Amino acid sequence: MTVVFAQPLPRGTVSGQVNASAGKPMEFTTMMLLKAADSTMVKGAISDIDGKYAFENVGAGRYLILAQQVGFRKTYSVPFVVDEARPAIEMPTLMMTEESKNLAEVQVVAKKPFIEQQVDRTIVNVENSIVASGNTALEVLEKAPGVTIDRQNDQIKLKGKSGVIVYIDGKQTYLSQQEVSNLLKNTPSDNIATIEIITNPGSKYDAAGNSGIINIRMKKNKNFGTNGTFILGGGYGWFPTLTGQRDDLPKFNSSLSLNHRDSKINVFGNYSYVNRQSGNATDIDRTIPFNGQTTYFQQQSYRPSQFVGHSYKAGLDYYVSQKSTVGVMVNGFVNNWQSDGQNNTLIFNDNYGLTSRAITQSYSKEPLTNYTGNLNYKYDFDGKGREWTADVDYVHYNSTNLSNLSTTYRNDNGESIRSNQDLRNRMPSTISIMAFKTDYVHPLKNGAKFETGLKSSLVKADNNTIFDTLQQETKVFLFDASRSNHFLYDENINAAYVNYAGKIGKLKFQTGLRAEHTHSVGNSVTLNQRVDRNYLNLFPTVFLSRQLDSTNVLNLSYSRRIDRPDYQNLNPFVFYLDPYTYQQGNPFLRPQYTNSVELTHVYKDAVTTTLGFSRTTDFINRETPRQIPEKNITFVTPENLGHLDNLSLNVSFPVEVAKWWKIQNNISGYYQDYQTVYSGQPYGVKLVAYNLYSSNNFTLSKTLSAELAGWYNSASQYGFYRSRPQGGFTIGIQKKVMNGKGNIKLNINDPFWLNRFRGTAVVQDINFSVASRWESRQIRATFTYRFGNQDVKAARQRQSATSVEQSRAGGQN
């Protein structure tokens, strides 16, 4: 009897290269190994950044390869055989050609998810979202992975860290943290294309921003011709007042964008109008011990407000030759915010007996104008990536804030127990910024690249806070020198950087070094306080990337960054909520420094996992609570604390339930360790917190789609404040009309009014809790109409010379 053992079938490998017709490698192209007999798929792969691909563990058989990428024709290889004699196949280079279609042809465009995770950044595709329509930029950011909005203190945090720098179209806003929040609060989301979240920027970027950069890309149109977009939106928010009644708060926005391009010029412009009514209510409970007795405060405030804003942008790119382009751009806004609010304060003694009540009526009006001019030049040496660019910017902000506070004091029976207190305040403020920057890029052999650049900026700020107090006997307002303050601030930053990117085997790397010299002078004319700072810092960056195989990429990055104090935080002026509660600046604030490292794994270009660690020294806590117990006063002021350690983990992944139902999910968790000294005693906080986000997209028909999105932030810590969980969800529906040129979106935001802030601060003699609510429950409708040739190329995206300083300047509400 003869026994014959079956021989194992040979297993082989198939590899190759895919290029565009011009010879450029096609990165991240979908590659499919198909059976030659019936074209059924055997394996899938993604080409790497050099256009290389590989299929491993391939059984014996006859195959062919299909390459696919949006905007290119499907490309097939010739059939080939894998067998024992040919186990390793090296395929000829596949050449892909761009797909050209007549405008009359039906085009199938893959819709990007609302949250798109890339290797070095997270992209929020606002213009593709139904539930984002009609919202504000701040409300959209609230749904972004790793982003939390502290509405009580008007701060934006990224992975639990403050100090976010906000860019708009690559240009920094030069606004303080609070004013950036207010700017985004009144920027319609319908004008936004994408929001980019970059947690570890390279040396080419300014070193400011310890938690990273958020770049908001406004919508632009896409060879020759004219086109435009018209947007009209409206909605309502609902909010309960102090008396239990309901305020109906209407909201309206509209915008018009135009773009024209021919062989020599590209002209573009945009105008937007916003009219929004809003409401905000805050409850504060405080306990103040002094001399063996305790005083209890219960405060309720309600501030209805109205914002009317006009914003504009106009620009021109002139193509002098195939190599040279000159551009000019102007943009700005004319805004007015006003509020008429009331604050009720009940004061109790040790036995919780009501001793007095203070009622403060407040009126505020904050007009603000801004204009920015940018002149830019680009020279392309050889069409192969070697280029030189230069930018010159001038930015100017002007405002004259007005406010009146009138406080009456009553006992439990409603009888007056002391004279009324009437204050009025004027605060004329100007900020001027001039800047120049230039960058040079030089490609080298084997894909390497060298970059270098210079930047210089000069900032001048003038804030004059003028308080007048009403004399009750004469009913005449007199200048109040004890509350008034004139503050001047000058700052000059000069910077230079070098950056080199290359490749060693399969390891890609990029390393850079940025040097920044800062000279600043803060001068409180009234208090005769002058703070002069002069310092030089180096900021290294390192990025490593390794394509492990066809489906796995590993990235490692390190950076050192700086956060300089906001201009307004350096101003020692006082902002009053009522006679017992106020906010004050600090001219002695120092910059904070952050060292960050991140390890990122990307699987199949879809699942991204990031592990990060950072340490921030001289941490700027923008809301440090202080008390004057003998006067029953509590106030907050920015202060430098010890250090903050932050360990974070972020996972982003898609789920396709069905062809018509897709889900994008994001989970962020972080561990924070605050260590400092508060009022001469050690203070430390350690906690674990997390954020969840999920977006469900439903394709109901060719013209009808829907979206359901929700988010949740666990309890977390902001300096001395412990916040309770927050969350909410939004539902929306979209209908395409007018042969696809128009669409109508309807969405309901936070229908059960879940999104509100609640927090406490307990440290030494500080003991208070805060609850804040706003009109998060809203319904909105938006109509968008696109006209003209929708294939006009967009204007060049510019990152101007003043991209950083604007994030620290005075802002808008």
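As the structure is a prediction and not an experimental result, all values here were calculated from the model.

(A) Molecular detail of the overall build of the protein. A tally of helices and strands in the protein yields two helices and 48 strands. Counting only residues that meet the buried cut, the protein has 52% of its 813 residues in that class. With an accessible surface of roughly 36000 Å², the protein has 56% of that area assigned to carbon and sulfur atoms.

(B) Structural view of the environment of L577. Mapped onto the elements, L577 comes out in strand β32 (residues 574–578). Exposure remark for L577: the relative accessible area of 25% places this residue in the partly exposed category. Separated by 217 residues in the primary sequence, L577 and T360 have C-alpha atoms spaced 8.5 Å apart. Residues contacting L577, with those up to four places away along its chain left out, are I284, N343, T360, L405 and Y582.

(C) Local environment of the pattern of salt bridges. Tallying each qualifying case throughout the model produces 16 salt bridges. Note that D468 and R424 form a salt bridge whose closest N and O atoms lie 3.0 Å from each other. On the criterion of sequence distance, the pair formed by D468 in strand β26 (residues 449–471) and R424 in strand β25 (residues 416–443) is long-range, its members being 44 residues apart. Of the charged contacts, one joins D439 and K437 as a salt bridge, the two residues approaching to 2.9 Å between their closest N and O atoms. It is possible to trace a salt-bridge network through shared partners that takes in R424, R426 and D468.

(D) Region of interest: the environment of T782. Within the secondary structure, T782 is located in strand β48 (residues 778–788). The class for T782 is buried, based on a relative accessible area of 3%. Between the C-alpha atoms of T782 and K745, which are 37 residues apart in sequence, the distance is 5.2 Å.

(E) Spotlight on the sheet that holds strand β33 (residues 581–584). Read across the sheet, four strands follow the order β32-β33-β37-β36 without closing on themselves; strand pairing throughout is mixed. Of all strands in the sheet, those with a lone pairing partner are β32 and β36 (620–628), marking the two edges. Averaged over all pairs of adjacent strands, the angle between their axes in this sheet comes to 25°, without regard to strand direction. When β32 meets β33, the two strands line up antiparallel, connected through four bridges. Paired with Y576 across the strands is Y582, a residue of β33.

(F) Representation of unusual backbone geometry within the structure. In the Ramachandran plot, M738 falls in the positive-phi region, its phi being about 55° despite a non-glycine side chain. Relative to the helices and strands, M738 resides in the loop between β44 (726–737) and β45 (742–749). Although it is not a glycine, D750 adopts a positive phi angle of roughly 50°. Position of D750 relative to the elements: it lies in the loop between β45 and β46 (757–763). Given a relative accessible area of 3%, D750 falls into the buried group.

(G) Expanded view of the packing of aromatic side chains. For the coordinates displayed, the defined rule picks out 23 aromatic pairs. Considering the side-chain rings of Y500 and F509, the 5.8 Å spacing of their centres and the 40° angle between planes classify their relative orientation as tilted. We classify Y500 as partly exposed; its relative accessible area is 32%. Classification of F509 as partly exposed rests on a relative accessible area of 22%. Ring centres 4.8 Å apart and planes at 35° place the aromatic pair Y683 and F720 in the tilted group. Taken together, the residues Y683 in strand β40 (residues 681–699) and F720 in the loop between β42 (716–718) and β43 (721–723) connect sequence positions 37 residues apart.

(H) A look at the side chain of T637. Inspection of the secondary structure puts T637 in strand β37 (residues 633–640). Looking at T637, its side chain comes within polar contact range of the main-chain oxygen of Q584, at 2.9 Å.

(I) Looking closely at the confidence of the model for the protein. Considering every residue of the protein, the mean pLDDT works out to 83; 84% of them sit at 70 or more. For the stretch residues 1–9, pLDDT sits under 50, and the model shows zero contacts to residues farther than four places along the chain or on other chains. Every residue in residues 101–110 is under pLDDT 50, and counting partners more than four places away or in other chains gives four contacts.

(J) Layout of the side chain of T360. Tracing the backbone through its elements, the reader meets T360 in strand β23 (residues 354–380). On the basis of relative accessible area, T360 is assigned to the buried category, the value being 1%. Contacts of T360, omitting those with residues within four sequence positions, involve G341, Q342, N343, L405, S406, T407, L577, D578 and P579.

(K) Looking closely at the pairing of strand β30 (residues 529–547). Across 18 bridges, strand β29 (residues 507–524) lies against β30 in antiparallel orientation. In the sheet register, H519 faces β30, and the bridge partner there is N534. If you look at the hairpin formed by β29 and β30, you'll find four residues sitting between the two strands, and N528 has a positive phi there, around 55°. As paired strands, β30 and strand β31 (residues 552–563) are joined by seven bridges and run antiparallel to one another.

Reading the values: rules and limits
- Residues numbered from 1 in each chain as written.
- Predicted model: local features only at pLDDT ≥ 70, side-chain atom pairs only at ≥ 80, totals over all residues.
- Heavy atoms only, no water.
- Helix = DSSP H or I, 4+ residues; strand = E, 2+ residues; numbered from the N terminus.
- Buried < 20%, exposed > 50% of the residue type's maximum accessible area, 1.4 Å probe, protein only.
- Areas by Shrake-Rupley, 256 points an atom, 1.4 Å probe, with all protein chains shown as cover.
- Contact = heavy atoms within 4.5 Å.
- Salt bridge = Lys/Arg side-chain N within 4 Å of Asp/Glu carboxyl O.
- Pairing = 2+ DSSP bridges.
- Axes fitted to C-alpha atoms, helices over the stretch in contact; angles between N-to-C directions.
- Phe/Tyr/Trp six-rings, centres within 6.5 Å; stacked < 30°, edge-to-face > 60°.
- Polar contact = N/O pair within 3.5 Å; in protein donor to acceptor, adjacent residues only side chain to side chain.
- pLDDT = per-residue confidence, 0-100.

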